[in-house]
Amino acid sequence: MARYVRIPGSIALITLANPPVNALSAAVRRGITETLSRAIADPEVKAVVLCGENGNFCGGADIKEFAGPMSGPGLVPMIDAIEAGEKPVVAAIEGVALGGGLELALGCHYRIAHCKARVGLPEVTLGLLPAAGGTQRLPRLIGLSAALDLITTGRHVSAQEALQLGIVDRLTEGDTLGVAVEFAQSIAGQPLGSRRLSTRTPACPADLDSFLQGALVQVRRRARGAMAPEACVRAVGAAATLPYSQGMQREQELMASLFRSAQARALQYCFFSQRLVGRWSTPSGARWDSAEPRPIRRAAVIGLGTMGRGIAVSLLQAGIAVVAVETDEQQLEAGRRAVTALLERRAQGRGSEGPLRFTTDLQQLRQVELVIEAVFEDLAVKKQVFRQLSAVCPADTLLCTNTSGLDVEQLAACTRSPELVVGTHFFGPAHVMKLLEVVYGPRSSPVAVATAMHLGKRLGKVSVAVGNCPGFVGNRMLKPYLEQAHFLLEEGAAPEQVDQALEEFGFAMGVFRVADLSGLDVGWRVRKEAGLTGPGVAPGESPRRRQGRRYSPLPDLLCEQGRLGQKTGRGWYLYEGPGAREARPDPWTHSFLQQYRQQHGLQPRAVPQQEVLERCLYALINEGFRVLEDGIATGPEDIDIIYVFGYGWPRHRGGPMFHAGAVGLATVLDRLEHYHHAHPDIPNLQPSALLRRLVASGNPPIQKWREVIRRVRSQL
Ligand SMILES: CC/C=C\CC(=O)SCCNC(=O)CCNC(=O)[C@H](O)C(C)(C)COP(=O)(O)OP(=O)(O)OC[C@H]1O[C@@H](n2cnc3c(N)ncnc32)[C@H](O)[C@@H]1OP(=O)(O)O
């Protein structure tokens, strides 16, 4: 809808009214078209002001409409009509003008923005391009290079930057609408000429061809297989090389190739899933809309290792006062230097942080409302810390553990108030990575979960509430994926071949490069504790079998050789030296694998790329179905968001569960059955009951999985 009022001074005010973000639904487009015609037809009206209700100009086209047949007036003719009109139209921008919202504003003759407004063309993040003239008008307004940056990254731009770039004409600090109306009165009757952006010529770099070629190379490298960024470059290139009308035609053609693509569907699914996971619930009935989070003003971080430092920085940047605790003065000093350096590096251009105190004295925690323990990943050590915390902190302090998979309930059991204990699984570097798994135990109270979820949001993270089991959601699913990668090496593949397949699929890094980066000793320690390697192994047990199933000792053998990854200059790959980043295939690894296969009588074979992908990804997906069966994740969206934000799963493939649906659940089932038949000693390849049930239910769309999951769970 759009509301129309005539205000004194011959101004027509058109207000977009579709809360919360005034998305350009068919009804809104109709409303704008009708009210604009009315303003044009009214001889008393000399100028028009366009604004949005509720403090938001416009969040763009209504993304929900993309899934169905489009109806109502098109955006392009509507914006063209605004621009072509003889009466000046002023956009009064508060809140956001994004996507179609900014394109609408670019069709207006003037733009006045509140100083807190944000603008941008984020269509690329939805697998699209700004196809309501954005790729043609923006370069004509701010030049090719700046437009290309905005359109290919989709980044939001502050009002100040928008003014500098020339996207908006003026900023206001107070009454945006009032200023816009006054301005509209002042320019009524003036010629519009070059205020019509379509009539301008874009400012282009001198060597246009090589500039565009360079831009294509750059976006392809960053896009990891996503199509939209490249289409954006081509569309912006058309603005530089073709007259406006032909450029618009090119924009439409390129949009048509994206609009119904699987990638656009995946990216739009991610958009809605990201919001859906905020509406969390737990099996015990706690819910986002009934549990009230506690306000957190003061927090403590226990342990200033890599994770603790990042967590402290994250809290401080959210304006929360932090007490940072270490066991001795030396560790404390190292932590202090590291945190200070991180804060200094991130300080430029940022707001004020909360106060920070360093101490070795746990008694200093009497005033904090929340503690995040981030000590060494060892259950016994963490239990000891939780006993101490429980003794020192007031009984109503929320105690969180930063663990990547340890039993949260065992820690809760060490405290006076187990209902106030939750897991907060941060991902490293904790001040950068967007994901937070909030792990509720069987006794975690609704308020504890709500507070941790809300805290994650305050820290700028995407928080996902998950149940308590070894590895929670992300790391539990990662285990069978890693295992398959090791088995593939035993069978004949090389690390770089496995990595290449995964990187071509869209992961930023393949499994072995990631292992080298994180350090092979991390998993080694976990496997030793689990009795899979080291002194805990029963004498005489085959190195390739553990607990009645296939096991690969390959990563353990590498660790025994001191090959711990980048930190030692060698792991699966070879590096220039300890700490170096560039991975080179290592002849040592190849001959080590060859000897290993000979020693165990394994006949190497050429492993096809398809098999690498299917075994690694379908094993992970299969575990995802088990996670759903067990109620550890509420729905497939939770898993997909965890994988996209925490594990580098390519967003344009929607996440593992979405990918399974896109490939076809029957195909995933069939391939898992095939591989399980070939490898009966790998139980993870046995298709899960839920996957079978979904296939039997006729491969329902992912939005309908929750119903099937509920039925399967009720029968288990
Ligand atoms: C021809 C094609 C031309 C143009 C193409 C486009 O315009 S594509 C759309 C481009 N616009 C965007 O990508 C903006 C998407 N929205 C956002 O980034 C954020 O929602 C926004 C506007 C910054 C507001 O953020 P905030 O954190 O305040 O709210 P939240 O994200 O939770 O959104 C509130 C609810 O609004 C829904 N919503 C937001 N934008 C749209 C949209 N463009 N279409 C439809 N719905 C939208 C969002 O899903 C939330 O809904 P809820 O049911 O409450 O979860």
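Further up the page is the structure itself.
A brief report on the enclosed structure follows. (Residues numbered from 1 in each chain as written. Predicted model: local features only at pLDDT ≥ 70, side-chain atom pairs only at ≥ 80, totals over all residues. Heavy atoms only, no water.)

## Thoughts on the overall build of the protein
So the rule is basically this: The numbering of helices and of strands both runs from the N terminus, where a helix is a DSSP run of H or I of at least 4 residues and a strand a run of E of at least 2. Between buried and exposed lies partly exposed: a residue is buried under 20% and exposed over 50% of the maximum accessible area for its type, with that area taken using a 1.4 Å probe on protein chains only. By definition, residues are in contact when any of their heavy atoms lie within 4.5 Å. Per-residue and other accessible areas were derived by the Shrake-Rupley procedure at a 1.4 Å probe size, with only the shown protein chains allowed to occlude residues. In summary, the charge assignment counts Lys and Arg as positive and Asp and Glu as negative, without counting His or the chain termini. Charge coordinates come from a single atom per side chain, which is NZ of Lys, CZ of Arg, CG of Asp or CD of Glu.
Along the backbone of the protein there are 28 helices and 19 strands. Each principal axis of the C-alpha atoms in the protein carries an extent, and together these give about 95 × 60 × 55 Å. Taken over 716 residues, the protein has a buried fraction of 56%. Taking as baseline every contact in the protein between residues at least 6 positions apart, the subset at least 24 positions apart corresponds to 72%. Element-wise, carbon and sulfur atoms account for 53% of the exposed surface of the protein, whose accessible area totals about 29,500 Å². When the 79 basic and 69 acidic side-chain charges of the protein are each reduced to a single mean position, those positions are 2 Å apart.

## Focus on the packing of helix α3 (residues 100-107) against helix α4 (residues 134-142)
The condition that has to hold: Helix axes are fitted to C-alpha atoms over the stretch in contact, other axes to C-alpha atoms as well, and angles between N-to-C directions run from 0 to 180 degrees. By definition in this entry, angles of less than 35 degrees are roughly parallel, angles greater than 145 are roughly antiparallel, angles of 65 to 115 are roughly perpendicular, and the rest are oblique. Put simply, a crossing is left-handed when the front helix is turned counterclockwise from the back one by less than a right angle, and right-handed when it is turned clockwise. Residues were grouped as follows: Ala, Val, Leu, Ile, Met, Phe, Trp, Tyr, Cys and Pro as nonpolar; Asp, Glu, Lys and Arg as charged; and all remaining residues, including Gly, as polar.
Where α3 contacts α4, the axes come no closer than 10 Å and their chain directions differ by 55°. Taken together, the axis directions place α3 and α4 in an arrangement best described as oblique. Crossing handedness for the pair α3 and α4: left-handed. For the pair formed by α3 and α4, the contact residues are Glu103, Leu106 and Gly107 on the first element and Gly134, Arg137, Leu138 and Leu141 on the second. When the residues that make up the contact of α3 with α4 are grouped by side-chain class, the tally is three nonpolar, two polar and two charged.

## A short note on unusual backbone geometry
Leaving glycine out, the prevailing phi sign among residues is negative, and the prevailing peptide bond configuration is trans. The omega angle of the peptide bond from Pro19 to Pro20 is 10°, so this bond is cis rather than trans. For Pro20, the location among the structural elements is in the loop between β2 (11-16) and α1 (26-41). Following Gly428, the chain continues into Pro429 via a peptide bond in cis, with omega recorded as -10°. For Pro429, the position within the fold is in the loop between β15 (421-426) and β16 (435-440). One non-glycine residue, Asn22, lies in positive phi territory at about 55°. Classification of Asn22 by relative accessible area gives buried; the value is 0%. In this model, Phe472 sits at a positive phi of 55°, which is unusual for a non-glycine residue. Along the chain, the position of Phe472 falls in the loop between β17 (462-467) and α17 (474-491).

## Focus: the packing of helix α25 (residues 656-663) against helix α26 (residues 665-678)
Any two packed helices are characterised by the angle at which their axes cross and by the distance between the axes. The contact between α25 and α26 brings their axes to 5 Å, and the two run at 95°. Our classification of the angle between α25 and α26 gives roughly perpendicular. Residue-level inspection shows Ala660, Gly661 and Val663 of α25 in contact with α26, the latter providing Leu665, Thr667 and Val668. A class-by-class count of the residues in the contact of α25 with α26 yields four nonpolar, two polar and no charged.

## Side note on the pairing of strand β6 (residues 110-114)
The line we're drawing: The pairing criterion for strands is at least two bridges between them, as found by DSSP.
For β6, the tally of buried residues reaches five of five residues, placing the bulk of the element in the interior. In β6, alternate side chains face the same way, and those of Tyr110, Ile112 and His114 on one face and Arg111 and Ala113 on the other are all buried. As defined by bridge partners, strand β4 (residues 89-93) adjoins β6 across four bridges and the pair is classed as parallel. Looking at β6, one finds that Val90 is bridged to Tyr110. Bridge count between β6 and strand β9 (residues 170-172): three bridges; the pairing is parallel.

## Digging into the sheet that holds β9
Here we have six strands laid out as an open sheet, ordered β1-β2-β3-β4-β6-β9, and mixed in their pairing. Every interior strand has two partners, whereas the edge strands, β1 (2-7) and β9, have only one. For this sheet, the mean inter-axis angle between neighbouring strands, taken without regard to orientation, is 20°. Strands in contact with α1 are β1, β2 and β3 (47-52); relative to β1, the strand with the most contacts, it is inclined by about 25°.

## A look at the sheet that holds strand β11 (residues 321-325)
With respect to topology, eight strands assemble into an open sheet ordered β12-β11-β10-β13-β14-β15-β16-β17, the strand pairing being mixed. Strand pairing shows two members of the sheet lacking a second neighbour, β12 (356-359) and β17, which therefore form its edges. Strand-to-strand twist of the sheet, defined as the mean angle between neighbouring strand axes without regard to direction, takes the value 25°. For strand β13 (residues 370-373) and strand β14 (residues 398-401), the ladder comprises four bridges, and the chain directions are parallel.

## Side note on the site of the ligand
Operational definition: In this text, near means that some heavy atom of the residue lies within 4 Å of the molecule or strand in question. Here a polar contact is taken to be a pair of N or O atoms separated by no more than 3.5 Å, where protein atoms must pair a possible hydrogen donor with a possible acceptor and residues adjacent in sequence count only if both atoms sit in side chains.
Around the ligand lies a shell of 24 residues, among which Gly59, Ala61, Ile63, Gly100 and Arg275 are the nearest. In this structure, an oxygen atom belonging to the ligand sits 2.7 Å away from a main-chain N or O atom of Gly100. At 2.9 Å, a side-chain N or O of Arg279 approaches an oxygen atom of the ligand. Notes on the ligand: free accessible area 1,000 Å², of which the protein chains cover 73%. At the level of secondary structure, the elements contributing two or more residues to the shell around the ligand comprise β5 (96-98), α3 and α11 (262-276). Looking at which element gives the most residues to the shell around the ligand, the answer is α11, with three residues.

## Things to note about the environment of Ala26
Here Ala26 shows up in helix α1. A residue is classified by how much of its surface remains accessible, and Ala26, at 9% relative accessible area, is buried. Between the C-alpha atoms of Ala26 and Gly74, which are 48 residues apart in sequence, the distance is 8.4 Å.

## Some details on helix α5 (residues 144-153)
With seven of its 10 residues buried, α5 lies for the most part within the structure. Listed as buried for α5 are Leu144, Ala146, Ala147, Leu148, Leu150, Ile151 and Thr152. In the core, the buried residues of α5 are packed alongside α4, β8 (157-158), α6 (159-165), α8 (208-223) and α9 (228-241).

## Observations regarding the environment of Leu685
One can find Leu685 in the loop between α26 and α27 (689-696). Spatially, the C-alpha atoms of Leu685 and Arg615 are 8.2 Å apart, while their sequence positions differ by 70 residues. Those residues within four positions of Leu685 in sequence are excluded, and the remaining contacts are Gln484, Ala619, Asn622, Leu672, Tyr675, His676 and His679.

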